[in-house]
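Report on the structure
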Amino acid sequence: MRPRRTVTRILTVCAGLAALSACIVYASTELRLRRSYRVPASGLQVPADPEAIVRGQRLVHVVAQCTNCHGADLAGQLLGDDPWIGRLAAPNLTRGRGGVGSLSDERLVRSIRYGVGRDGRPLVMMPAQYLRNLSDGDLGAIIAYLRSLPPIDRELPPRRVGPLSRLAFFLGRVPDVVPAETLADASPPPPAPEPAISVGYGRYLVDTAGCRVCHRQDLRGGLHPLAIPGEPPPPDLTGAGPLGTWSERDFVHTLRTGITPEGRALDEAYMPWRRTGRMSDSELGAIWRYLRSLGPRRTDGARS
Ligand code: HEC
Ligand code: HEC
């Protein structure tokens with residue numbers, strides 16, 4: 001009888017400890033997700049002229065690719081729903097029912113620059129840490145375009161953070177999923193460089209075109225928190241990766257055709273090459289110069 005009683009006692013203690021840890025993880029992550037943030041007003045002026053709307057359309061669809069998460073019609077979509085991981089939708093950006101398109105300019109700016117939602121709470125997986133680099137002119141044009149979208153009614157289910165995600169968040173394993181935590185007190189980014197075939201402008205495009213969302217902050221690749229099930233790990237884009245032996249022509253050709261110089265077809269479901277490939281020669285040239293500036297070029301089999 002004795003050993004059995006001891007086992008029961010150990011199991012009870014373990015169950016108690018597990019419940020306590022679960023409570024700690026839940027309470028601490030819930031506090032972080034419910035924190036209310038105040039961020040400075042931007043005073044950004046949203047233009048209303050037709051040229052700005054056309055520029056905004058190109059930025060939304062080709063450069064910043066809000067469509068990757070908010071859906072091709074920008075009326076929002078469910079990004080994932082799993083009992084363990086959680087449920088997350090990128091909301092409807094139009095003025096229709098369930099949309100955020102009728103929020104004030106300042107509120108939209110707050111979401112895009114600081115990752116702070118309409119209720120002052122932090123947004124999850126909205127890549128404000130990169131989008132905050134958008135210049136006033138580009139962000140103004142993006143908002144002008146969002147305002148011009150036809151209203152679409154689409155209501156999406158509320159966010160639910162599942163236990164596995166809470167644990168990863170608690171352990172600090174998913175940096176940047178709640179950008180407001182670091183952005184609320186961050187100083188504003190340096191002024192955006194003028195468009196040119198330059199390293200500086202290439203960096204601006206890499207920041208604002210979401211390359212870092214998938215290829216990771218340092219562009220060294222590997223699986224990222226927003227990976228779609230089945231997604232191959234995005235490759236290293238620095239000179240240490242496959243691009244180390246490419247020429248600029250190879251790079252532009254890959255992003256325009258989806259075929260790498262090694263003859264591999266990129267899967268459009270994961271790498272949005274068709275949209276990225278609509279960038280101009282100068283834009284892709286600037287991105288190429290920036291990527292080249294990141295690391296040594298590989299010498300094995302290097303092309304000219
Ligand atoms: C990597 C995916 C992703 C990309 C790219 C992205 N978003 Fe989001 N966005 C999200 C998610 C997810 C949410 C909802 C987060 C939540 O509910 O916690 C969100 C929320 C928002 C909100 C909500 C504000 C609120 O108050 O509720 C706005 C506005 C927004 N995004 C605009 C944009 C714009 C404009 C772009 C392009 C410049 C963009 N997003 C690009 C994922 C993305
Ligand atoms: C939504 C996620 C996502 C975004 C955004 C994204 N990529 Fe990718 N990228 C991937 C994935 C995944 C692959 C691997 C695809 C495959 O193997 O089919 C890839 C592959 C590539 C490749 C091919 C490299 C090789 O040798 O296989 C290049 C080049 C590339 N991306 C550049 C970029 C650049 C530049 C940007 C920003 C303008 C960007 N990507 C934005 C996910 C992304």
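Before reading on, note that the structure itself is shown above.
Residues numbered from 1 in each chain as written. Chains lettered and ligands numbered in written order. Predicted model: local features only at pLDDT ≥ 70, side-chain atom pairs only at ≥ 80, totals over all residues. Heavy atoms only, no water.

Moving on, we come to the pairing of strand S1 (residues 77-82). In this sheet, strand S2 (residues 86-90) lies alongside S1 in antiparallel orientation, the contact comprising five bridges. Across the sheet, glutamine 77 pairs through a bridge with alanine 90, a residue of S2. (Pairing = 2+ DSSP bridges. Helix = DSSP H or I, 4+ residues; strand = E, 2+ residues; numbered from the N terminus.)

Right, let's get into a nonpolar patch on the surface. A cluster of nonpolar side chains, contributed by Val13, Leu17, Leu20, Ile24, Leu167, Phe170 and Leu171, occupies part of the molecular surface with about 640 Å² of accessible area. Those elements giving two or more residues to the nonpolar patch turn out to be helix H1 (2-34) and helix H7 (163-170). Take leucine 17: it is sitting in helix H1. (Patch = residues over 30% accessible without salt bridge, like charges linked within 9 Å, V, L, I, M, F, W, Y side chains within 5 Å. Areas by Shrake-Rupley, 256 points an atom, 1.4 Å probe, with all protein chains shown as cover. Salt bridge = Lys/Arg side-chain N within 4 Å of Asp/Glu carboxyl O.)

Attention now goes to the coordination of the iron atom of ligand 1. Within the first shell, the iron atom of ligand 1 binds the protein through His70 (NE2) and Met126 (SD), at distances of 2.1 to 2.2 Å. Considering all six donor atoms around the iron atom of ligand 1, the spread of angles at the metal, 86 to 179 degrees, places the coordination shape in the octahedral class. Here histidine 70, found in helix H3 (residues 67-70), pairs with methionine 126, found in the loop between helix H4 (105-114) and helix H5 (128-131); they are 56 residues apart in sequence, far enough to count as distant. Side by side, histidine 70 and methionine 126 carry an identical accessibility label, which is buried. (Donors = N, O, S within 2.8 Å, 3.2 Å for Na, K, Ca; no water. Tetrahedral: all angles 85-135°; square planar, octahedral: opposite > 155°, others 65-115°. Buried < 20%, exposed > 50% of the residue type's maximum accessible area, 1.4 Å probe, protein only.)

It is worth spelling out the packing of aromatic side chains at this point. Overall, the coordinates contain two aromatic pairs when judged by the stated rule. Consider the rings of tyrosine 201 and tyrosine 204, whose centres lie 5.6 Å apart with planes at 20 degrees: the pair is stacked. One end of the pair is tyrosine 201 and the other is tyrosine 204, both in helix H9 (residues 199-208) and three residues apart, which spans about a single turn. A relative accessible area of 5% means that tyrosine 204 is categorised as buried. Its end group placed over the ring of phenylalanine 169, arginine 32 keeps NZ or CZ at 3.9 Å from the ring centre. (Phe/Tyr/Trp six-rings, centres within 6.5 Å; stacked < 30°, edge-to-face > 60°. Lys NZ or Arg CZ within 6 Å of the ring centre and 35° of its normal.)

Bringing the coordination of the iron atom of ligand 2 into the picture now. Looking at the iron atom of ligand 2, one finds its protein donor set to be His215 (NE2) and Met271 (SD), positioned 2.0 to 2.2 Å from the metal centre. For the iron atom of ligand 2, the six donor atoms in the first shell make angles of 87 to 179 degrees at the metal, a pattern classed as octahedral. Placement of the pair is histidine 215 in helix H10 (residues 211-215) and methionine 271 in the loop between helix H11 (248-257) and helix H12 (273-276), with a sequence separation of 56 residues.

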